[in-house]
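Residue-level structural notes
What follows is the residue order along each chain.
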Amino acid sequence: IAMKANPPSAEVEAEVGYAGPLSGYLASLACYLIYTGTDHKLFLVLAYTGAMMNLFNLIPVSPLDGGRVVTAISRTLWIVGLVVLLAITVLHPTPILFLVMILGGVELWRHWKRPAEETAAYYDTPVSVRLRIGIIYFGLIALLGILMYQTTRVAGDAL
């Protein structure tokens, strides 16, 4: 999904970035709760798949939503994201992982090559905002991880 215009600041970009995974978490949680009430395995699979996809989407690499979110926390997290993505790609090589890694590397290179005065206003985010976005970002990662763990554990018990 392409944006019509660039967000006015890293803070706005982060808020746009975590809106999708937050919605995805809530949808996955709803599927899990439906499963617990009905024992219908389709909802367990949907909960797991939704949690996994949204957790992947939070890897701090552009063009993923995680890359958008961490712009307001620290752009150095993009390097962490590329390392994580490289590890995933080595363990489970697929064309989409290679593509995301290449796009992320190019985006990282473009941002680091821009003159500091050109990007300073965009990335100038108050510490309180960085803290709020960091809590939301890492909290969402934790919640999705817990949901993935729980759905995997329940699936093991159900089989």
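Above this note sits the structure.
On a predicted model such as this, the values are computed, not experimentally measured, just so you know.

Some details on the overall build of the chain
Regarding its fold elements, the chain presents seven helices and zero strands. Going from N to C terminus, the chain has its helices and strands arranged as α-α-α-α-α-α-α. In terms of overall dimensions, the chain has C-alpha extents of about 55 × 35 × 25 Å along its principal axes. Long-range pairs, those at least 24 residues apart, make up 69% of the contacts in the chain between residues at least 6 apart in sequence. One way to put it: in the chain the 10 positive side-chain charges average out to a point 3 Å from where the 10 negative ones average out.

Topic: the nonpolar core
One recurring pattern in soluble globular proteins is that nonpolar side chains are buried together. Tyr32, Val69, Ile73, Leu85 and Ile133 are the most contacted members of the largest nonpolar core, which totals 36 residues. Of all elements in the fold, only helix H1 (10–38), helix H2 (41–57), helix H4 (77–91), helix H5 (95–113), helix H6 (116–123) and helix H7 (127–158) reach the threshold of two or more residues within this core. Sort the elements by how many residues they give to this core and H7 lands first, with eight residues. Every residue in contact with Val69, bar those within four places of it in the chain, is listed here: Ala14, Gly17, Tyr18, Ile133 and Tyr137.

Focus: the environment of Val127
Within the secondary structure, Val127 sits in helix H7. Accessibility expressed as a relative area gives 66% for Val127, which makes it exposed. It is 21 Å that separates the C-alpha atoms of Val127 and Ile141, two residues lying 14 residues apart in sequence.

Here we look at unusual backbone geometry
The step from Ser62 to Pro63 runs through a cis peptide bond, and the omega angle for that step is 20°. Looking at the element boundaries, Pro63 is found in the loop between H2 and helix H3 (65–69). If you check the backbone angles, Asp39 has positive phi at about 65° while not being a glycine. Along the chain, Asp39 falls in the loop between H1 and H2.

Points about H1
Taking 1.5 Å per residue as the helical rise, H1 with its 29 residues ought to reach 42 Å, and the 42 Å between its terminal C-alpha atoms agrees with that figure. Helix geometry: H1 is bent most strongly at Ala19, by close to 25°, with proline Pro21 lying one to four residues after it. Residues of H1 that are buried include every one of Ala10, Glu13, Ala14, Gly17, Tyr18, Pro21, Gly24, Tyr25, Ser28, Cys31, Tyr32 and Tyr35, and no others.

Overview of the packing of H4 against H5
Contact geometry of H4 with H5 gives a least axis separation of 10 Å together with a crossing angle of 160°. Classified by the angle between their axes, H4 and H5 sit roughly antiparallel to one another. The handedness of the crossing between H4 and H5 is left-handed. Residues Trp78, Ile79, Leu82, Leu85, Leu86, Ile88 and Thr89 of H4 lie in contact with H5, whose contacting residues are Leu97, Phe98, Val100, Met101, Gly104, Gly105, Leu108 and His111. Looking at the contact of H4 with H5 residue by residue, the class counts come to eleven nonpolar, four polar and no charged.

With respect to empty space enclosed by the protein
Counted according to the given criterion, the structure contains one cavity of 30 Å³ or more. For the largest cavity, the calculated volume is near 40 Å³. Lining the largest cavity, in full, are Val61, Ser62, Trp78, Leu82, Gly104, Glu107 and Leu108. Counting only elements with at least two residues in the lining of the largest cavity, the list comes to H4 and H5. By residue number, the principal contributor to the lining of the largest cavity is H5, which donates three residues. Tallied by class, the residues present in the lining of the largest cavity amount to four nonpolar, two polar and one charged.

What counts, and where the lines are drawn
Residues numbered from 1 in each chain as written. Predicted model: local features only at pLDDT ≥ 70, side-chain atom pairs only at ≥ 80, totals over all residues. Heavy atoms only, no water. Helix = DSSP H or I, 4+ residues; strand = E, 2+ residues; numbered from the N terminus. Contact = heavy atoms within 4.5 Å. Lys, Arg positive; Asp, Glu negative; His and termini not counted. Charge placed at Lys NZ, Arg CZ, Asp CG, Glu CD. Core = buried A, V, L, I, M, F, W, Y, C linked by side-chain atoms within 4.5 Å. Buried < 20%, exposed > 50% of the residue type's maximum accessible area, 1.4 Å probe, protein only. Expected span 1.5 Å × (residues − 1). Bend = angle between axes of the 7 residues up to and from the residue. Axes fitted to C-alpha atoms, helices over the stretch in contact; angles between N-to-C directions. Parallel < 35°, antiparallel > 145°, perpendicular 65-115°, else oblique. Left-handed = near helix turned anticlockwise from the far one by under 90°. Nonpolar A, V, L, I, M, F, W, Y, C, P; charged D, E, K, R; others polar. 1 Å grid on protein atoms, 1.4 Å probe; cavity = no way out; pocket = protein on both sides within 12 Å on 5 of 7 lines; lining within 4 Å. Points joined across faces, edges and corners; volume = space filled by probe spheres on them.

Functional significance is not addressed by these values, which are geometric in nature.
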